[in-house]
Amino acid sequence: MRCPDAGRPPAGGPYTKDGVQIPGLPAHEGKGWLNDISPSSGVAVGTAMFPHGIPPITPVDQAQIWPGSGPVRTLPSLAPDGPAGAEAVNDQVRAGGWAYDGDPYDGAGAPHPVIWTCALG
């Protein structure tokens, strides 16, 4: 998948993990998590959650990656109004997850498996 927006920090934050402040993680309603940490490099991926049913005021769910320091970064979806989430990452910083090709809340989008091969740019 092409990653033109990879590395763009999302608005919001900060969250904490093990007492360490992680700037840049979207903090809308305090929902978001990191789902996986790579075996050796310490890169983590997850999903920033947003409430359903009120776009465009709030963004849809965003796949995100944290390189181990600095801000969490977004991973692009298949469509501007399509949610995405990252579930796994390896030491080559390839992230796997899911993304919609449109807005699933208005019936226009369908889910697809995704591998981000340029997750940190």
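None of the values given here were measured: they were computed from a predicted structure.

## Structural notes on the overall build of the chain
Assigned secondary structure in the chain consists of 0 helices and 9 strands. Secondary structure elements of the chain, listed N to C terminal, follow the sequence β-β-β-β-β-β-β-β-β. Relative to its full complement of 121 residues, the chain shows a buried share of 40%. By element, 55% of the accessible surface of the chain is carried by carbon and sulfur atoms, the whole surface being about 6200 Å².

## What to know about the nonpolar core
Ile-65, Leu-75, Trp-116 and Ala-119 are the most contacted members of the largest nonpolar core, which has 14 residues in total. Sorting the residues of this core by element identifies strand 5 (62-66), strand 7 (84-89), strand 8 (95-100) and strand 9 (111-116) as the ones contributing at least two each. Ranked by residue count, the leading element in this core is strand 7, at 3 residues. Contacts of Ile-65, omitting those with residues within four sequence positions, involve Val-43, Ala-44, Val-45, Val-72, Arg-73, Leu-75, Val-93, Ala-119 and Leu-120.

## Focus: the sheet that holds strand 7
The 3 strands are arranged 7-8-9 in an open sheet whose pairing can be described as antiparallel. The open sheet has two edge strands with one neighbour each: strand 7 and strand 9. Looking at each pair of strands side by side, their axes are set apart by 25° on average, direction ignored. As paired strands, strand 8 and strand 9 are joined by 6 bridges and run antiparallel to one another. Residue pairing in the sheet places Gly-97 in a bridge with Val-114 of strand 9.

## Considering unusual backbone geometry
In this model, Val-93 sits at a positive phi of 60°, which is unusual for a non-glycine residue. Here Val-93 shows up in the loop between strand 7 and strand 8.

## Focus on the side chain of Gln-64
Assignment of secondary structure puts Gln-64 in strand 5. A polar side-chain atom of Gln-64 sits 3.2 Å from the main-chain carbonyl oxygen of Trp-33.

## Some thoughts on the sheet that holds strand 4 (residues 44-48)
As summarised here, the arrangement of the 4 strands in space is 3-4-5-6, forming an open sheet in which the pairing is antiparallel. The sheet is open, and its two borders are formed by strand 3 (32-37) and strand 6 (73-75), each paired with just one other strand. Recorded for the sheet is a direction-independent mean angle of 35° between the axes of neighbouring strands. As defined by bridge partners, strand 4 adjoins strand 5 across 5 bridges and the pair is classed as antiparallel. Across the sheet, Ala-48 pairs through a bridge with Gln-62, a residue of strand 5.

Conventions we followed
- Residues numbered from 1 in each chain as written.
- Predicted model: local features only at pLDDT ≥ 70, side-chain atom pairs only at ≥ 80, totals over all residues.
- Heavy atoms only, no water.
- Helix = DSSP H or I, 4+ residues; strand = E, 2+ residues; numbered from the N terminus.
- Buried < 20%, exposed > 50% of the residue type's maximum accessible area, 1.4 Å probe, protein only.
- Areas by Shrake-Rupley, 256 points an atom, 1.4 Å probe, with all protein chains shown as cover.
- Core = buried A, V, L, I, M, F, W, Y, C linked by side-chain atoms within 4.5 Å.
- Contact = heavy atoms within 4.5 Å.
- Pairing = 2+ DSSP bridges.
- Axes fitted to C-alpha atoms, helices over the stretch in contact; angles between N-to-C directions.
- Polar contact = N/O pair within 3.5 Å; in protein donor to acceptor, adjacent residues only side chain to side chain.

These figures capture arrangement, not role.
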